[in-house]
Amino acid sequence: MPVAIDVGQRVLVYNPSHGWTLAYFVTAQQTSENKLQILTCRLSNCHHKATSQDHYRYPPERVALNDTVADNLNVGTRVLCMPSGDADTSRYIDKPLRGIIAEQPSSTNSQRYLIFADNDSPFYLRSIAIHLLLESLSNYLAKVDLGTKHYIENYVLTYPKRRLVNVSAKDHINIELNGQWVDALISKVEGSLIRVFIPFLNKHEWLYRGSLRLQPLFNSLSSYEPPCKRLAVEKETKIDNKCHFLLAPLNQGWKRQIRNDLGTIVYISPCGQMFTDADRLQNYLFQMDSILNIRHFSFDMSCRVTQKFMVSEKPLVQIDDYSYEREKVPLMLVNEMDSSLPKTFEYVADRIPLTNDIVIDKSTLQGCSCTDGCLDPTKCACWKKTYDAIIDSHYYEDVIAELKELYDEEDEDPERVRLYLYEALSKRNYGYKHGRLLEKIHSGIYECNGKCKCDSRCANRCVQFGLNTLLQIYHTAEKGWGVRTLYDLPAGTFLSFYAGEILNDEDANRRGVQKNMGDVYFTALDFVASLNPSSSPRKPRPIMNMNNGNHVNNTNATSDSHQNGNGHATVQGVGEDDEEGLPIEKTKAFLEYQQANYDPGIFVMDAHLKGNVSRFYNHSCSPNVFVQNVFIESWDVRFPWVAFFTNHHVRAGTELVWDYSYEVDTVENRVLHCRCGSEQCRHRLL
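Residues numbered from 1 in each chain as written. Predicted model: local features only at pLDDT ≥ 70, side-chain atom pairs only at ≥ 80, totals over all residues. Heavy atoms only, no water.

S.K.: Quick question: what am I supposed to make of the overall build of the protein chain here?
M.R.: Helix and strand counts for the protein chain stand at twelve helices and 35 strands. Across the 686 residues of the protein chain, 53% fall into the buried class. In the protein chain, of all internal contacts separated by at least 6 residues, the share reaching a separation of at least 24 is 64%. (Helix = DSSP H or I, 4+ residues; strand = E, 2+ residues; numbered from the N terminus. Buried < 20%, exposed > 50% of the residue type's maximum accessible area, 1.4 Å probe, protein only. Contact = heavy atoms within 4.5 Å.)

The following block contains the structure:
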């Protein structure tokens with residue numbers, strides 16, 4: 001709770017049928033979201049015992065301390081104001097009102113608090129009529145409209161700096177009324193408030209002198225641009241790739257504040273601009289042509305951007321950059337167990353076809369014409385390609401059906417309906433959101449590409465930039481080599497894509513049986529099957545495991561399948577996304593694939609001889625990473641990029657792991673025990 005309270009302490013509680021009444025505090029508990037609290041209170045006339053379970057329960061916005069407040073409340077504090085003849089209010093209050101402290105007592109306001117009332121006019125009031133609400137400001141802001149939220153956040157952050165209109169009694173001023181400017185006469189000026197007479201309505205109204213309902217202030221703020229904006233970008237220096245990407249803004253002079261009172265992160269630019277939400281910040285960075293982009297920022301309050309993981313003892317082996325500058329950022333390797341290194345391979349940061357006959361079709365690739373950084377997904381051709389895939393996918397049939405039911409327009413023109421679906425999917429954050437992917441898109445993501453008019457600031461470019469996170473390859477206690485993050489990572493952070501050699505069926509089968517090769521680092525690029533699941537089971541594709549030489553049938557392996565560097569084969573079939581035996585209409589993407597008359601064979605990525613950090617990710621039954629198919633330089637569905645993203649906030653020093661999605665007993669004569677060590681461990685992979 002934002003205030004301390006003792007059992008038995010007197011409080012005021014609100015009941016719609018009785019208003020605010022006296023009660024006694026009993027206990028408090030967290031809700032399921034682990035954010036708000038439910039308070040149990042005993043009414044003053046209640047006959048139940050204090051330990052009874054029959055007392056009423058109230059949310060914090062309906063509970064206030066019975067004692068009045070002192071004269072030292074902070075701006076932004078939530079309060080309850082009660083009618084009182086001795087409160088020396090600036091206007092008559094005939095009912096209890098909730099609001100926030102907007103100004104502290106001083107000689108200029110006759111030692112009174114300025115109150116911004118919820119859904120009412122502002123007023124001054126002495127402390128003897130003010131009670132402290134148990135509701136936090138962040139809880140209140142979560143329930144108001146976005147405009148009100150931004151205004152209050154900015155007010156609290158910048159107080160006592162305020163822009164107030166300078167007026168006198170009897171001045172005329174235009175005020176906003178129902179969306180129009182109307183003439184009003186100022187009848188009184190009292191501190192930061194003015195009372196205006198509106199001839200049109202023949203009534204008076206109190207207004208705050210910093211309200212955007214006053215036309216002079218509205219006009220000045222609409223055209224106002226801080227003179228230091230231009231200097232802010234001129235002072236930017238080249239981003240240091242050796243630093244954590246979330247440290248980049250701080251290195252450029254930005255400040256990052258954790259504001260528990262507002263329940264948010266506040267970023268302050270070098271020129272003093274404050275940002276409490278990513279949308280406004282993203283627009284600002286684009287307009288300023290900053291070298292920073294929204295991926296360098298995180299509004300996750302649990303994310304510690306400066307906390308770096310350090311090993312407890314000096315490792316026996318340490319290589320500062322295991323990629324040897326093939327990645328844009330250094331990739332550290334350490335071994336605290338012994339002096340061994342991973343088996344030799346060539347580190348590459350690309351996907352390399354093994355033979356010349358493997359041709360990635362780029363003829364169908366198209367680009368967008370956006371020049372605004374693709375900030376509006378409904379207007380970007382590449383964004384719409386991703387949305388089209390979602391709309392046509394069997395996986396999202398229920399989602400699309402639900403959205404169509406919410407479509408309340410009489411006009412059912414297909415183009416209008418599809419535009420509505422684009423907007424609905426955008427609002428539900430399907431695809432990238434502020435440089436991160438919060439949920440797997442099973443139908444694939446189509447990033448902007450070389451044919452687009454947008455640049456690197458584009459909101460639909462992510463995987464193509466490659467590794468930009470400081471990771472560390474290390475020797476685990478029981479699972480061989482693994483990967484951990486050196487810094488906290490927000491949910492949806494891109495980690496890396498699976499690099500290596502692209503093999504056709506024939507070469508993959510040949511390598512799979514070779515004594516010194518095997519299929520340990522194979523991942524099948526079988527995205528095509530997920531576009532159009534067939535009513536009949538597909539033929540299994542044989543993949544050999546080099547560790548034991550036994551033949552393994554890897555049925556329905558998709559590009560979510562992976563062979564880990566520790567010899568653990570993995571399978572995640574597309575069969576989990578469809579119901580076998582039910583004929584499903586061919587999707588648009590699958591029809592395009594058929595018309596292209598491609599080689600029907602399955603291609604495989606192999607990171608045995610050539611690969612990158614992705615070959616070291618281990619399995620866990622409680623994963624913090626998921627896999628996403630992405631298309632960048634080509635829309636050829638045979639060759640998706642296999643990318644890895646965090647599925648929740650990951651703390652520094654945590655191993656990065658994903659679920660191989662095995663099904664036990666699906667491979668004959670194979671038993672593979674799991675050693676992930678999580679509380680949800682299934683104990684067997686095969």
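Back to the write-up after that little detour.
S.K.: Sorry, what's going on with the side chain of Glu501 here?
M.R.: Within the element layout of this structure, Glu501 appears in strand β26 (residues 500-503). Reaching out from Glu501, the side chain makes a polar contact with the side chain of Arg511 at a distance of 2.9 Å. Discounting chain neighbours no more than four positions away, the residues touching Glu501 are Ile352, Leu354, Arg511, Val604, Met605, Asp606, Leu609 and Lys610. (Polar contact = N/O pair within 3.5 Å; in protein donor to acceptor, adjacent residues only side chain to side chain.)

S.K.: Please clarify how the UniProt feature "domain: Post-SET" (unreviewed entry) in the protein chain should be interpreted in this entry.
M.R.: Here, UniProt's "domain: Post-SET" (unreviewed entry) annotation points to residues 670-686. Helix and strand shares over residues 670-686 are 0% and 0% respectively, and the end C-alpha atoms of the span are 6 Å apart. (UniProt positions renumbered as here; feature names shortened; annotations may be inferred.)

S.K.: Hey, could you run me through helix α9 (residues 414-427) in this one?
M.R.: Because an α-helix completes one turn every 3.6 residues, residues spaced three or four positions apart along the sequence face the same direction. With 14 residues, α9 should cover 20 Å at 1.5 Å per step; its first-to-last C-alpha distance of 20 Å lies within 8% of that length. Taken together, the buried positions of α9 are occupied by Val417, Tyr420, Leu421, Tyr422, Ala424, Leu425 and Ser426. Close packing links the buried residues of α9 with α7 (381-392) and α8 (397-406). Residue Asn429 follows α9 closely and has a positive phi angle near 65 degrees. (Expected span 1.5 Å × (residues − 1).)

S.K.: Explain a nonpolar patch on the surface here, please?
M.R.: Taken together, Tyr151, Trp181, Leu212 and Phe218 make up a surface patch of nonpolar side chains, about 340 Å² in accessible area. Within the secondary structure layout, Tyr151 lies in helix α2 (residues 146-158). (Patch = residues over 30% accessible without salt bridge, like charges linked within 9 Å, V, L, I, M, F, W, Y side chains within 5 Å. Areas by Shrake-Rupley, 256 points an atom, 1.4 Å probe, with all protein chains shown as cover. Salt bridge = Lys/Arg side-chain N within 4 Å of Asp/Glu carboxyl O.)

S.K.: How should the pattern of salt bridges be read in this particular structure?
M.R.: Side-chain pairs of opposite charge can arise where the charged atoms are in close proximity. All told, the structure shown has 28 salt bridges when counted by the stated rule. Notably, a salt bridge pairs Arg213 with Glu176, separated by 3.4 Å at the nearest N-O pair. Here Arg213 is found in the loop between β14 (203-208) and α3 (215-222), whereas its partner Glu176 is found in strand β11 (residues 172-177), with 37 residues between them in sequence. Among the salt bridges present, the one from Arg510 reaches Glu506, with a minimum N-O distance of 3.8 Å.

S.K.: Help me out: how do you make sense of the environment of Thr77 in this one?
M.R.: If you trace the backbone, Thr77 turns up in the loop between β5 (63-68) and β6 (78-81). The class for Thr77 is buried, based on a relative accessible area of 19%. Between the C-alpha atoms of Thr77 and Ile100, which are 23 residues apart in sequence, the distance is 5.3 Å. Setting aside its immediate chain neighbours within four residues, Thr77 contacts Gly99, Ile100, Ile101 and Leu132.

S.K.: Would you mind going over the environment of Thr344 with me for this structure?
M.R.: Within the secondary structure, Thr344 sits in the loop between β19 (332-335) and β20 (346-347). For Thr344, a relative accessible area of 78% gives the class exposed. Through-space distance from the C-alpha of Thr344 to that of Lys610 is 9.5 Å; in sequence the pair is 266 residues apart.

S.K.: Would you mind going over the packing of α8 against α9 with me for this structure?
M.R.: Two quantities define a packed helix pair, namely the angle between the axes and the distance from one axis to the other. Look at α8 against α9: their axes get within 10 Å of each other, and the N-to-C directions meet at 115 degrees. Considering their axes alone, α8 and α9 lie roughly perpendicular with respect to each other. Our pair here, α8 against α9, has a crossing hand that is right-handed. Facing Ile400, Leu403, Lys404 and Leu406 of α8, the residues of α9 in contact are Tyr420, Leu421, Ala424 and Leu425. Tallied by class, the residues present in the contact of α8 with α9 amount to seven nonpolar, no polar and one charged. (Axes fitted to C-alpha atoms, helices over the stretch in contact; angles between N-to-C directions. Parallel < 35°, antiparallel > 145°, perpendicular 65-115°, else oblique. Left-handed = near helix turned anticlockwise from the far one by under 90°. Nonpolar A, V, L, I, M, F, W, Y, C, P; charged D, E, K, R; others polar.)

S.K.: Help me understand the packing of aromatic side chains, please; the structure alone is not making it clear to me.
M.R.: Geometry of an aromatic ring pair is reported as the spacing of the ring centres plus the angle between the planes. By the definition in use, this model includes 30 aromatic pairs. One aromatic cluster is present, built from ring pairs that chain together Trp254, Tyr267, Phe275, Tyr284, Phe297 and Phe299. For the cation-ring pair, Arg78 lies above Tyr140, with the distance from its terminal atom to the ring centre recorded as 3.8 Å. The ring of Tyr14 carries Arg98 above its face, with NZ or CZ at 5.6 Å from the centroid. (Phe/Tyr/Trp six-rings, centres within 6.5 Å; stacked < 30°, edge-to-face > 60°. Lys NZ or Arg CZ within 6 Å of the ring centre and 35° of its normal.)

S.K.: When you look at unusual backbone geometry in this model, what are you seeing that I'm missing?
M.R.: If a residue is not glycine, its phi is most likely negative; likewise, a peptide bond is most likely trans. The omega torsion of the bond from Tyr159 to Pro160 falls at 10 degrees, within 30 degrees of zero and hence cis. Look at Asn119: it is not a glycine, yet its phi comes out positive at around 55 degrees. Looking at the element boundaries, Asn119 is found in the loop between β8 (113-117) and β9 (123-125). Residue Asn119 is classed as exposed on the basis of its relative accessible area of 83%. Phi is positive for Asn429, close to 65 degrees, though the residue is something other than glycine. Of note, Asn429 is situated in the loop between α9 and β22 (445-446).

S.K.: Before we go on, may I ask you to explain the sheet that holds strand β24 (residues 481-485) in this structure?
M.R.: Backbone-to-backbone hydrogen bonds pair the strands of a sheet. The strands run either parallel or antiparallel. Ordered in space as β18-β19-β23-β24, the four strands form an open sheet in which the pairing is mixed. Two strands in the sheet have a free side with no partner beyond their single neighbour: β18 (317-319) and β24. Strand-to-strand, the axes of this sheet are offset by a mean angle of 20 degrees, without reference to chain direction. Pairing analysis gives three bridges linking β19 to strand β23 (residues 471-475), with the strands arranged parallel. Its bridge partner lying in β23, Leu333 is registered against Ile473. (Pairing = 2+ DSSP bridges.)

S.K.: Is there a simple way to explain α7 in this structure?
M.R.: End to end, α7 covers 16 Å across twelve residues, agreeing with the expected 16 Å (1.5 Å per residue, within 8%). Taken across its twelve residues, α7 has nine buried, putting it largely inside the fold. For α7, the complete set of buried residues consists of Cys382, Trp383, Lys385, Thr386, Tyr387, Asp388, Ala389, Ile390 and Ile391.

S.K.: Explanation requested: the sheet that holds β26 in the structure shown.
M.R.: With mixed pairing, four strands are arranged side by side in an open sheet as β21-β26-β30-β27. On the outer flanks of this sheet lie β21 (351-353) and β27 (522-525), each paired with one strand and no other. Across the sheet, the mean angle from the axis of one strand to that of its neighbour is 30 degrees, orientation sign disregarded. Bridge count for β26 against strand β30 (residues 603-606) is three bridges, and the pairing is antiparallel. Bridge assignment links Glu501 to a residue of β30, and that residue is Asp606. Helix α10 (residues 505-513) contacts β26, β27 and β30 of the sheet and is inclined by roughly 115 degrees relative to β26.

S.K.: Would you explain the nonpolar core in this entry?
M.R.: Side chains of nonpolar character tend, in soluble globular proteins, to be buried together. Ranked by internal contacts, the top residues of the largest apolar core, which has 45 residues, are Leu471, Ile473, Tyr617 and Leu656. Mapped by element, the contributors of at least two residues to this core are β18, β23, β24, β30, β33 (625-631) and β34 (641-646). With residues up to four places along the chain from it excluded, the contact list for Leu656 reads Leu471, Val483, Arg484, Thr485, Leu489, Leu495, Tyr617, Asn618, Asn624, Val625 and Val650. In terms of nonpolar packing, the next biggest core, distinct from the first, is built from 41 residues, Cys368, Leu425, Tyr430 and Phe626 among them. (Core = buried A, V, L, I, M, F, W, Y, C linked by side-chain atoms within 4.5 Å.)

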